[in-house]
Amino acid sequence: EGLCSLATFAPLVTIEYLQSQIFQEISLGKRFEILEVMKHSSHELSGSMELEKRQKERREAISTDIPKVAGKRSLVPNDAAGSLDAMTQNITSKVDKTRRWGRGRRANERMLTTVANKFGALAPQYFYPLVQGFAESKDDEALWGGESGGMLLSHLIIALSTFVENSSYHPGTCILAKDLFELAWSFYDAENPQVRQAVLIAVATCLPHLPEDYLLCNVIGTESVPKLLMITASFDSNESCRVLASTILNNLSQTTAIM
């Protein structure tokens with residue numbers, strides 16, 4: 001918790017140190033912790049946590065006028081908030097509520113309670129050192145091999161996706177999104193289902209921020225991307241992957257109709 005606070009109030013120095021450690025000889029758990037701290041810091045700096053706090057207070061104020069039903073509990077427990085399945089549910093919910101890649105139906109309402117996003121300008125300094133570290137160490141079997149390597153790769157892709165999401169509509173987000181798409185998509189056929197799921201979460205995250213010309217030439221206009229998404233939606237052994245691929249395909253078809 002202290003490290004999360006430090007990363008929020010002195011992000012550049014703290015994040016640079018954490019990035020220098022993540023690919024060194026430390027435990028897998030420590031690597032996960034570093035990525036979690038970086039994600040939390042980006043979330044805090046983006047203003048998302050403040051917005052969530054306001055929205056929660058608003059919901060609680062409304063709920064005081066609504067009778068409570070005994071025994072009802074959230075479908076997604078709080079301790080699953082960081083899980084891949086919880087992120088999948090969050091992503092599919094956002095995409096389903098979006099008429100065109102980007103803003104949802106209630107964007108005007110959300111804009112009434114905006115807060116300053118301090119993360120957008122810092123996002124490249126979170127994003128690219130991790131990409132560089134991966135590129136320099138990707139042949140290290142001890143780091144990336146086996147089940148533990150797949151787990152680390154999925155966490156890394158999710159962290160990069162979080163940075164793109166929290167960069168939001170900053171002018172540089174489209175560049176991050178292009179680089180994320182190209183990196184993540186290179187692992188679309190990974191054997192590890194967690195990696196495949198992380199790839200699809202990354203694709204769903206970055207698509208709203210891709211320029212239309214890039215989207216047409218490198219996603220919609222290719223045979224491979226839609227075809228592979230269709231195969232995943234129909235035959236992937238992982239249910240979450242099937243749901244994600246189907247959701248992405250549905251919105252790509254809507255986007256094609258609009259363009």
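Residues numbered from 1 in each chain as written. Predicted model: local features only at pLDDT ≥ 70, side-chain atom pairs only at ≥ 80, totals over all residues. Heavy atoms only, no water.

In this section: the pattern of salt bridges. Under the definition given, this model contains three salt bridges. Two residues, Glu36 and Lys39, come together in a salt bridge whose shortest N-O distance is 2.9 Å. One end of the pair, Glu36, and the other, Lys39, are both in helix H3 (residues 28–46), three residues apart, so they sit about a helical turn from each other. A residue is classified by how much of its surface remains accessible, and Lys39, at 12% relative accessible area, is buried. (Salt bridge = Lys/Arg side-chain N within 4 Å of Asp/Glu carboxyl O. Helix = DSSP H or I, 4+ residues; strand = E, 2+ residues; numbered from the N terminus. Buried < 20%, exposed > 50% of the residue type's maximum accessible area, 1.4 Å probe, protein only.)

Its location among the elements puts Thr14 in helix H2 (residues 11–22). Residues within four places of Thr14 in sequence aside, it is in contact with Leu3, Leu6 and Ala7. (Contact = heavy atoms within 4.5 Å.)

Next up on the list: unusual backbone geometry. Backbone geometry at Ser168 places phi at a positive 55°, although glycine is not the residue there. By the element assignment, Ser168 lies in the loop between helix H9 (146–167) and helix H10 (173–185).

For the rest of this paragraph, the subject is the nonpolar core. Among the nonpolar cores identified, the biggest contains 65 residues, and Leu130, Phe163 and Leu229 are the most heavily contacted of them. Not counting the four nearest positions on each side in its chain, Leu229 is found in contact with Trp185, Leu200, Ala245, Ile248, Leu249 and Leu252. (Core = buried A, V, L, I, M, F, W, Y, C linked by side-chain atoms within 4.5 Å.)

On to H3, then. Its 19 residues give H3 an end-to-end C-alpha distance of 27 Å, which sits within 8% of 27 Å, the value for a rise of 1.5 Å per residue. Regarding H3, the residues found buried are Arg31, Phe32, Ile34, Leu35, Val37, Met38, Lys39, Ser41, Ser42, Leu45 and Ser46. Where H3 ends, the next residue or the one after it, Gly47, has phi of about 90°, a positive value. (Expected span 1.5 Å × (residues − 1).)

Quick look at the environment of Glu165 now. Note that Glu165 resides in helix H9. With a relative accessible area of 31%, Glu165 lands in the partly exposed category. Through-space distance from the C-alpha of Glu165 to that of His43 is 9.0 Å; in sequence the pair is 122 residues apart.

So, on to the packing of aromatic side chains. Using the criterion set out here, one finds ten aromatic pairs in the structure. Where Phe127 meets Tyr128, the ring centres are 4.9 Å apart and the plane angle is 70°; that geometry is what we call edge-to-face. Look at Phe127 and you get buried, because its relative accessible area is 1%. Under the relative-accessibility criterion, Tyr128 is labelled partly exposed at 28%. When the centroid spacing of 6.4 Å and the interplanar angle of 90° are considered together, the rings of Phe181 and Tyr214 count as edge-to-face. With Phe181 in helix H10 and Tyr214 in helix H12 (residues 212–220), this residue pair connects regions lying 33 residues apart in the sequence. Like Phe181, the residue Tyr214 is buried in the burial classification. What links up through ring pairs into an aromatic cluster is the set Phe23, Phe134, Trp144 and Phe187. (Phe/Tyr/Trp six-rings, centres within 6.5 Å; stacked < 30°, edge-to-face > 60°.)

It is worth spelling out the confidence of the model for the chain at this point. Should the pLDDT be low somewhere, the predicted coordinates at that spot are not to be read in detail. Of the residues in the chain, 80% have a pLDDT of 70 or more, and the chain-wide mean is 84. Residue range residues 66–81 is modelled with pLDDT below 50. Its contacts to residues more than four positions away, or to other chains, number four contacts. pLDDT under 50 marks residues 99–112. Its contacts with residues more than four places away, or in other chains, come to 27 contacts. (pLDDT = per-residue confidence, 0-100.)

Moving on: the packing of H9 against helix H11 (residues 193–206). Contact geometry of H9 with H11 gives a least axis separation of 8 Å together with a crossing angle of 10°. What the angle tells us is that H9 and H11 run roughly parallel. Along its contact with H9, which presents Gly150, Met151, Leu153, Ser154, Ile157, Ile158, Ser161, Val164 and Glu165, the element H11 presents Gln194, Val195, Ala198, Val199, Ile201, Ala202, Thr205 and Cys206. Classifying every residue of the contact of H9 with H11 gives eleven nonpolar, five polar and one charged. (Axes fitted to C-alpha atoms, helices over the stretch in contact; angles between N-to-C directions. Parallel < 35°, antiparallel > 145°, perpendicular 65-115°, else oblique. Nonpolar A, V, L, I, M, F, W, Y, C, P; charged D, E, K, R; others polar.)

Further remarks concern the side chain of Asn166. Secondary-structure assignment places Asn166 in helix H9. The contacts of Asn166, once residues within four sequence positions are left out, are Lys39, Ser42, His43, Ser46, Ser48, Asn117 and Phe119.

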